[in-house]
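Summary of structural features
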Amino acid sequence: MLVNHGMNQLTSLSIARSYSFAPSTAAVLRRQSFLIRALGGGSHSKFHSTAGSTMQETEADAVSILRGITPTLDPNRHKGQAGKIAVIGGCREYTGAPYFAAISALKIGADLSHVFCTKDAAPVIKSYSPELIVHPVLEESYSVREEERKQVSAKVVAEVDKWMERFDCLVVGPGLGRDPFLLDCVSEIIKQGRHSNVPIVVDGDGLFLVTNSLDLVHGYPLAVLTPNVNEYKRLVQKVLKCEVDDADAPGQLASLAKQIGGVTILRKGRSDLISDGDIVNSVSIYGSPRRCGGQGDILSGSVAVFLSWARQPFVAADRNPTVLGCIAGSALLRKAASLAFETRKRSTLTTDIIECLGRSLEDICPAC
Ligand SMILES: NC(=O)C1=CN([C@@H]2O[C@H](COP(=O)(O)OP(=O)(O)OC[C@H]3O[C@@H](n4cnc5c(N)ncnc54)[C@H](O)[C@@H]3O)[C@@H](O)[C@H]2O)[C@@H](O)CC1
Ligand SMILES: Nc1ncnc2c1ncn2[C@@H]1O[C@H](COP(=O)(O)OP(=O)(O)OP(=O)(O)O)[C@@H](O)[C@H]1O
Ligand SMILES: [Mg+2]
């Protein structure tokens, strides 16, 4: 039987106990202040109103959610049960992004992490880590003659598809690049993933692809889009045919998610905003003032793991697992970024944040 860390303990535990511990225990106080900050002093809502709409965003109870979905380390479980993730990304220009996403998934607790990338990127990504399973299967236009394209495309898609049933989640886009032939193949991979009912986190250049081909994700409830400021702007312009409206950020995000048929969108920024079209949650846990590239890649790999965990049978089925995965991923990344910044300050890099993922999760869900 799977056991979890208990979803409902936190609110009463963190608030009630904050009055019963001796104030001299610095670690306890630090932990309490984190928990209370994480809860935003208890869940709270902010109203944004415009002439046309009023929409509420609720600060997510992120720590409870993390505890509720993180499985215990049970000796009866076998390799693979804690998650098998595949990142589709990595080309000549970008080898860091798919590595960051895939290694973050492992550091959080997934059992296996695959990367499907171009032939040039594969030896580089393999050299970063022996932990990753790297498939050099994607092709860019420059390496394929016009007359071979159909055949090569079918081969690429088949190479990924033979693994598809084994994956708990795909992350499409970190460091993918924008080569048209490569993106055509990735469109087919998304269709296969969707056909197999595999959750798909779309990030980076994957968002460039789906923004221009919305049908790929439209109406797929297991799709998660994780746009940064630019990617969000492009989505809003394309789908809502208007500009980003920060005065009604939750309302606009909810209508964007709805218009794309109820996908979940995690809008990254000073606070992360998450919506599946019905509800809007925020995660505002203090992160880091460093904006080094690669933090979004950690986030996409993290969301993939947590969303897979949120679909396990022990998690209450009354909340959308894609939303729970986004909240958990966002909270953990921000806490890890904050820990890394405590020691590294201005020199904080993405690899430093990845090193803090384990400690951040351990603080919330101790392994034993
Ligand atoms: N080490 C690596 O291999 C990395 C690769 N990355 C990949 O690079 C590709 C392109 O991603 P980008 O994030 O650069 O694409 P974007 O379209 O978000 O960014 C393009 C340009 O916008 C600027 N920009 C970014 N955030 C901004 C903000 N908040 N306000 C104003 N301007 C801003 C950037 O400086 C950049 O020049 C993706 O495939 C991504 O995954 C990134 O993930 C970063 C790390
Ligand atoms: N202004 C900010 N203040 C605090 N945290 C932020 C801010 N902007 C982004 N973040 C955090 O950093 C994470 C990554 O967001 P960012 O906008 O850097 O993504 P990205 O551009 O896709 O990153 P990448 O370089 O990996 O592609 C988000 O989860 C968000 O919580
Ligand atoms: Mg990004």
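Residues numbered from 1 in each chain as written. Chains lettered and ligands numbered in written order. Predicted model: local features only at pLDDT ≥ 70, side-chain atom pairs only at ≥ 80, totals over all residues. Heavy atoms only, no water.

Judged by nonpolar contacts, the single largest core of 62 residues is most densely connected at Leu132 and Phe306. Looking at this core, the element that brings in the most residues is helix α12 (residues 321-344), giving 12 residues. The contacts of Phe306, once residues within four sequence positions are left out, are Leu66, Ile69, Thr70, Ile108, Gly325, Ala328, Gly329, Leu332 and Leu361. Ranked by size, the runner-up nonpolar core spans 50 residues in total, among them Val144, Ala223, Ala257 and Ile260. (Core = buried A, V, L, I, M, F, W, Y, C linked by side-chain atoms within 4.5 Å. Buried < 20%, exposed > 50% of the residue type's maximum accessible area, 1.4 Å probe, protein only. Helix = DSSP H or I, 4+ residues; strand = E, 2+ residues; numbered from the N terminus. Contact = heavy atoms within 4.5 Å.)

In the vicinity of ligand 1, 16 residues are found, and the nearest of them are Asp205, Asn228, Val229, Asn230 and Asp297. The contact in question runs from an oxygen atom of ligand 1 to an N or O atom on the side chain of Asn228, over 2.7 Å. Between ligand 1 and Asn230 there is a distance of 2.7 Å, counted from an oxygen atom to a side-chain nitrogen or oxygen. For ligand 1, whose free accessible area comes to 840 Å², the fraction covered by protein is 51%. Those elements that place two or more of their residues in the shell around ligand 1 are α4 (96-108) and α9 (229-239). Residue composition of the shell around ligand 1, by class: six nonpolar, seven polar and three charged. (Near = heavy atom within 4 Å. Polar contact = N/O pair within 3.5 Å; in protein donor to acceptor, adjacent residues only side chain to side chain. Areas by Shrake-Rupley, 256 points an atom, 1.4 Å probe, with all protein chains shown as cover. Nonpolar A, V, L, I, M, F, W, Y, C, P; charged D, E, K, R; others polar.)

Take the UniProt feature "binding site: (6S)-NADPHX" (unreviewed entry) in the protein chain next. As recorded in UniProt, the feature "binding site: (6S)-NADPHX" (unreviewed entry) lies at Gly175, Asn228, Val229, Asn230, Glu231, Tyr232, Lys233, Arg234 and Asp297. Structurally, the position occupied by Asn230 is in helix α9. Given a relative accessible area of 45%, Asn230 falls into the partly exposed group. For Asp297, the location among the structural elements is in helix α11 (residues 295-310). Judged by relative accessible area, which is 13%, Asp297 ranks as buried. Those residues in contact with Asp297 that sit more than four places away from it in its chain are Ala97, Phe100, Ala101, Pro174 and Asp203. (UniProt positions renumbered as here; feature names shortened; annotations may be inferred.)

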